[in-house]
Amino acid sequence: MEPKKDYYEVLEVPRDADAKTIKRAFLKKARTLHPDVNKAPDAEERFKEVNEAYAVLSDDQKRANYDRYGDPNGPMGFGSDYVDVSDIFGGSGFGFGDIFDSFFGGGSRGAGGAAARTRGRDMGIRLTITLEEAAAGCKKTVAYTRLAPCEDCGGTGAAEGGHMHTCERCHGTGRVVEVQRTIFGQMQTQTTCPACHGQGQVIDHPCETCEGQGRAPSREKVEVQVPAGVHSGQTITVDGKGEAGVRGDASGNLVVSVEVAESERFERRGDDLYCTVQVDSLQAILGTSVTIDGIMEGERVTVEVPAGCQFGQQVVVERKGMPRMGMIARGNLVAVVQVVTPRDLTKKQLLDVAAIVAERSLDDTGAADEKGARADKNAGRRADRAAEPEGFSAAAENAAEHFAKERWHAPKNPFRSRK
């Protein structure tokens with residue numbers, strides 16, 4: 001396997017080169033190696049190699065690790081608050097492919113006679129955090145690539161001594177009209193001006209770094225404040241950190257889509273958290289308290305398992321779940337009890353349990369015998385009733401029921417006149 005080339009050699013810069021020198025060298029090489037410009041078989045691979053070299057040397061942390069350890073990530077990697085979004089548009093390499101497509105295209109060409117777009121586009125990235133970070137809230141430093149205002153010209157697009165003039169071809173309209181003669185007569189078409197690309201103005205001495213756009217590909221860092229209680233799919237907007245506009249026009253926004261990774265300890269349902277707690281069967285009989293680590297750092301939560309608890313029973317601990325975003329309140333923690341059979345009982349403990357089981361068995365046997373005796377007695381009564389004349393048994397039972405009472409009086413005659 002061929003060893004990876006030295007990043008400084010790839011960009012042809014000295015090891016003590018400053019950030020501006022590294023960026024200029026990168027842009028110069030990237031222009032000549034971009035697949036849209038260079039049709040050589042190895043142009044795409046070399047373009048990716050240049051992108052990778054710039055992505056490392058333009059990042060202070062990565063460059064320091066590379067110089068010291070030969071690895072951009074260093075011996076221990078970065079802290080948990082640092083995230084490198086290397087492939088922002090989903091392309092290959094470090095995400096410079098689509099960045100350069102926009103860079104070579106300048107402002108987007110207007111369709112037909114429409115004016116070209118000069119405002120920067122919004123950019124979107126995905127940021128993955130842990131459930132614990134979502135609960136407490138966190139601040140992440142995100143490294144990404146965008147078209148940023150050109151540092152050499154200050155975003156104007158003009159080199160030192162350069163000036164902007166009205167385009168002579170379209171006279172500032174950004175559109176040109178062409179007339180063609182056909183067999184049906186003259187046909188008139190309106191297109192974007194090729195001289196100013198729809199801008200209506202041209203620069204006599206454009207900046208060499210950005211080719212007069214006022215923006216150039218750049219590695220950027222931005223701090224993203226993630227609020228406590230955030231849910232997967234929610235977005236955070238960082239104003240003005242998207243694609244820079246052409247020649248000082250407004251920049252787009254950076255839209256950060258948050259993804260909360262699954263936790264090994266908890267399952268999130270809304271703002272409630274579900275977890276499992278294990279108790280042995282003896283503890284489940286008597287009831288017990290189980291203390292577990294909560295979702296917050298250093299938090300301890302006590303789960304009161306009631307006596308007679310069954311497997312799968314849920315015990316709710318109020319206000320120990322996820323924070324509700326933008327509020328002080330929290331969801332609940334729901335502990336699902338798992339009853340396990342203890343395997344470490346001593347011989348004496350096993351004998352004690354055996355004695356309890358034997359006593360319960362005797363109680364069950366006695367109850368069964370009593371139930372059997374009652375059944376035999378009832379069966380005898382039914383046999384006696386069967387031998388009696390029809391109607392006699394019911395009358396006898398009714399009489400017995402009435403006369404069995406301490407005092408029995410004949411029912412009043414409803415037709416007897418009242419005095």
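Model, not experiment: these values are computed from the prediction.

## Some points on the overall build of the protein chain
- Across its full length, the protein chain carries 9 helices and 16 strands.
- Counting the 419 residues in the protein chain, one finds 34% classified as buried.
- For the protein chain, the computed accessible surface area is about 26100 Å², with 50% contributed by carbon and sulfur atoms.

## Focus on the sheet that holds strand β2 (residues 123-129)
- Taken in spatial order, the 3 strands line up as β2-β10-β9 in an open sheet, and their pairing is mixed. One side of each edge strand has no neighbouring strand; the edge strands of this open sheet are β2 and β9 (235-238). Averaged over all adjacent pairs, the angle separating strand axes in this sheet is 25 degrees, with direction ignored.
- Two strands pair when backbone bridges link them, and β9 and strand β10 (residues 254-260) are joined in this way by 4 bridges, in the antiparallel orientation. Bridging across to β10, I236 finds its partner in V256.

## Focus on the packing of aromatic side chains
- Considering all chains together, one arrives at 3 aromatic pairs under this definition.
- With a centroid separation of 4.7 Å and 35 degrees between ring planes, the pair formed by Y7 and Y66 is classed as tilted. Placement of the pair is Y7 in helix α1 (residues 7-11) and Y66 in helix α4 (residues 60-69), with a sequence separation of 59 residues.
- Ring centres of Y8 and Y66 lie 6.2 Å apart, and the angle between their planes is 35 degrees; on these two criteria the pair is classed as tilted. Linking Y8 in helix α1 with Y66 in helix α4, this pair joins segments that are 58 residues apart in sequence. One exposure class covers both Y8 and Y66, and it is buried.
- Through a chain of ring-to-ring contacts, three or more aromatic side chains come together here, namely Y7, Y8 and Y66.
- Positioned over the ring face of Y274 is R269, at 4.2 Å from the centre of the ring.

## Brief notes about the side chain of S218
- With respect to the secondary-structure elements, S218 resides in strand β8 (residues 215-226).
- Overall, S218 belongs to the buried group, its relative accessible area being 4%.
- Here the side chain of S218 touches K23 through a polar contact of 3.1 Å, side chain to side chain.
- Not counting residues up to four positions away in its chain, the partners in contact with S218 are K23, Y54, Y144, T145, R146 and A148.

## Side note on the confidence of the model for the protein chain
- For the protein chain, the mean per-residue pLDDT works out to 83, and 78% of the residues sit at or above 70.
- Throughout residues 87-94 the model reports pLDDT below 50, and contacts reaching past four residues in sequence, or to other chains, amount to 22 contacts.
- Note that residues 402-419 has pLDDT below 50 and, in this model, 2 contacts with residues that lie over four places away or in other chains.

## Description of the sheet that holds β8
- An order of β1-β3-β8 is seen for the 3 strands of this open sheet, with the pairing classed as mixed. One side of each edge strand has no neighbouring strand; the edge strands of this open sheet are β1 (82-84) and β8. Pairwise comparison of adjacent strand axes, ignoring direction, gives a mean angle of 25 degrees for this sheet.
- Where strand β3 (residues 138-149) lies against β8, 12 bridges are found, and the strand directions are antiparallel. Residue pairing across strands places T141 opposite E223, the latter belonging to β8.

## A short note on the pairing of strand β13 (residues 288-293)
- A one-sided burial pattern is seen for β13, the buried positions being T288, V290 and I292 and the unburied ones S289, T291 and D293.
- Here 6 bridges tie β13 to strand β14 (residues 300-305), and the two strands are oriented antiparallel to one another. Counted as the bridge partner of T288 is V305 from β14.
- With antiparallel pairing between neighbouring strands as the criterion, β13 and β14 make up a hairpin whose turn holds 6 residues, including G298 at a positive phi of roughly 75 degrees.

## What about the pattern of salt bridges?
- Taken as a whole, this structure holds 23 salt bridges when the rule is applied.
- In this structure, K20 engages D152 in a salt bridge whose closest nitrogen and oxygen atoms are separated by 3.9 Å. In this pair, K20 sits in helix α2 (residues 19-33) while D152 sits in the loop between β3 and β4 (164-166), placing the two residues 132 residues apart along the sequence.
- Across the salt bridge formed by E220 and R146, the nearest N and O atoms sit 3.6 Å from each other. Remark: R146 occurs in strand β3 and E220 occurs in strand β8; sequence separation between them is 74 residues.
- A residue is classified by how much of its surface remains accessible, and R146, at 4% relative accessible area, is buried.

The rules behind these values
Numbering of residues begins from 1 in every chain and follows the order in which that chain's sequence is written. Local features in this predicted model are restricted to residues of pLDDT 70 or higher, and side-chain atom pairs are both shown and tallied only at a pLDDT of 80 or more, whereas totals for entire chains, interfaces and linings draw on every residue. Side-chain descriptors were evaluated using all non-hydrogen atoms of the structure, hydrogens and water having been removed beforehand. Under the scheme used here, helices are H or I runs from DSSP no shorter than 4 residues and strands are E runs no shorter than 2 residues, and both carry numbers assigned from the N terminus. We call a residue buried when its accessible area falls under 20% of the maximum for its residue type, exposed when it is over 50%, and partly exposed in between, using a 1.4 Å probe and counting protein chains only. Residue burial considers only the protein chains on display, and all accessible areas are found by Shrake-Rupley using a 1.4 Å probe. Here a strand pair is declared whenever DSSP counts at least two bridges between the two strands. Axes, fitted as lines to C-alpha atoms, cover a helix only where it is in contact. Angles between the N-to-C directions of the axes lie from 0 to 180 degrees. Between rings of Phe, Tyr and Trp, where Trp is taken as its six-membered ring, a pair exists when centres lie within 6.5 Å; planes separated by under 30 degrees are stacked, by over 60 edge-to-face, and by other angles tilted. In this scheme, Lys NZ or Arg CZ marks a charge over a ring once it lies within 6 Å of the ring centre and within 35 degrees of the ring normal. Any pair of nitrogen or oxygen atoms within 3.5 Å is treated as a polar contact; in protein, a donor-acceptor pairing is required on top of that, and neighbouring residues in sequence qualify only through side-chain atoms on both sides. Working rule for contacts: check all heavy atoms of both residues, and any pair within 4.5 Å makes them a contact. A residue's pLDDT is the predictor's confidence in that residue, given on a scale from 0 to 100. Any carboxyl oxygen of Asp or Glu within 4 Å of a side-chain nitrogen of Lys or Arg constitutes a salt bridge here.

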